[in-house]
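Remarks on the overall topology
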Amino acid sequence: MIKRFSYFILVLLAKQAAFCQSIDKIINAQEVERIERTLSSDDMRGRKIFTPDIDRAAAFIAAEFKKAGIQPVKENSYLQEFAMVRTTPVSASGKLNGKTLAEKDIAVISAKEELSVNQASGYKQVVIHARDTFPVMLGRLQHTDGNYLLVVDTAHRQLFERIRRGGRSQFSPKGNIVLVLTNEEAGEYAIQYKQTVAVMPLKNVVGILPGRSKKEEYVIFSGHYDHLGVGQANAAGDSIYNGANDDAAGITAVIMLANYFAKQKNNERTLIFAAFTAEESGGFGSTYFSQQFNPDQVMAMFNIEMIGTESKWGTNSAFITGYEKTDMGKILEKNLKGTGFTFYPDPYPSQQLFYRSDNATLARLGVPAHTISTSKMDSEKYYHTQEDEIETLDMKNMAAIIKAIAISSTSIVAGKDTPTRVARESLKR
């Protein structure tokens, strides 16, 4: 009996050693450095959206996905392309109840360059009273894709003015919303409006590894690949915001995880690897991405951001944002037992990190979507500076974190564990 037990232990130890050797061959400090160095190099010039620099980064990530052997998101392309629009008002005029409207009291949310509407145009009229929450009501109407005339109480002049000025990047509106700042009820009206509309293309980079038995259940590994670009030079003459930690580190992890799982060939659930654009500009990439999936089919999201430096607990540790909102953290801890690596709850709750990264869009749809990070947000001195370069990062510790994510996700990837859903009503809007 003792001999048989000893033999079992030896077999188990041999299997563990083989597993460690296998994962170390794929996820190691040398490979971390190769990817990280490319993404955060001066040649990438800070990967700012709407520049050729971020396009170079997208091409590199797509090539790495192809080399890993995962499938493109669409036909033969790893690029998930979409566009934002930026509008600038040219002229506005009109009448309301026989009185001439001031140009400053007319605003429009539309993708059309010219708009001419009156009471016979079929626009549904909505009144925004002084007591109403203007942004919430406007947001709901924008999601309906309908045509509306909004009669906005003058108590909301400040927000109205921001809308009127335009100049913000936004998803192309499918409907048209005409806003009039007035305390009168609208009877007869006629409004003419002109604006310039700039269409601004963006792209996520997305690859897929189909599941074996649960193809319609998805697990997402993600990060954002955009950063701040080139700005004013610092005292050392450096003008490039390389974004090595924020978030070339996260994308390095996504690429390495794609390579790892593609080689394992044992994922029961479908794995999706996503490099999001425009996180720094409003989370547009993850927002568009989330609209392409039924959230009920997304079992978990591992968003990875800023893992290049030690956490407040030192090496072999990281934290999970929104830890208390699902039991996903507990599942990860169970899978890491005996590895020497520890995941902790977010130690910076006042910073609202759960809502500040690309996990938030899917979390608001109920998905157990969390960000894994090590960033010391109360003392990360290179955050959003030109000094966020590869020399400030720990390649060995990054490799340990990426391995921990791979190991901790094992039972979720295998379809054995399913994290609880986020209670949507509990989330901050």
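Rules of the game
- Once a new chain begins, its residue numbering starts again from 1 and follows that chain's sequence as written.
- Totals for whole chains, interfaces and linings use every residue, but because this is a predicted model, local features are given only for residues with pLDDT of at least 70 and side-chain atom pairs only at 80 or more, for both listing and counting.
- To get the side-chain values, all heavy atoms of the structure are used, and hydrogens and water are removed first.
- Only protein atoms enter the 1 Å grid, on which a cavity is a set of points fitting a 1.4 Å probe that cannot get out and a pocket is an open set with protein on both sides within 12 Å along at least 5 of 7 lines, lining residues being those with an atom within 4 Å of a point.
- Grid points are joined across faces, edges and corners, and a volume is the space filled by probe spheres set on the points.
- For helices the rule is a DSSP run of H or I covering at least 4 residues; for strands it is a run of E covering at least 2, with both sets numbered from the N terminus onward.
- Only Asp, Glu, Lys and Arg are considered charged in this grouping, and only Ala, Val, Leu, Ile, Met, Phe, Trp, Tyr, Cys and Pro are considered nonpolar; every other residue, Gly among them, is considered polar.
- Think of a salt bridge as a Lys or Arg side-chain nitrogen and an Asp or Glu carboxyl oxygen that are within 4 Å of each other.

Counted according to the given criterion, the structure contains two cavities of 30 Å³ or more. Taken as a whole, the largest cavity encloses approximately 80 Å³ of empty space. Every residue lining the largest cavity is counted, 13 residues in all, and those nearest its centre are Thr87, Val108, Ile163, Gly166 and Gln170. Elements that contribute at least two residues to the lining of the largest cavity include exactly strand S2 (79-96), strand S4 (106-109), helix H5 (157-165) and strand S10 (189-209). Considering each element in turn, the lining of the largest cavity owes the most residues, three residues, to S2. Each residue belonging to the lining of the largest cavity can be placed in one class, and the counts come to five nonpolar, six polar and two charged. Computed from the structure, the second largest cavity encloses a volume of approximately 40 Å³.

Here the focus is the pattern of salt bridges. This model, assessed by the stated rule, comprises 17 salt bridges. Each of the salt bridges in this network shares a partner with another, and the network as a whole consists of Glu31, Arg34, Glu64 and Lys67.

Taken as a whole, the largest pocket encloses approximately 1,900 Å³ of empty space. Along the walls of the largest pocket sit 43 residues, with Gly139, Gln142, His143, Phe171 and Thr287 positioned nearest its centre. Elements represented by at least two residues in the lining of the largest pocket include exactly S2, helix H4 (134-142), H5, strand S8 (169-171), helix H7 (284-290) and helix H9 (360-363). In terms of residues, the lining of the largest pocket owes the most to one element, H4, which gives seven residues.

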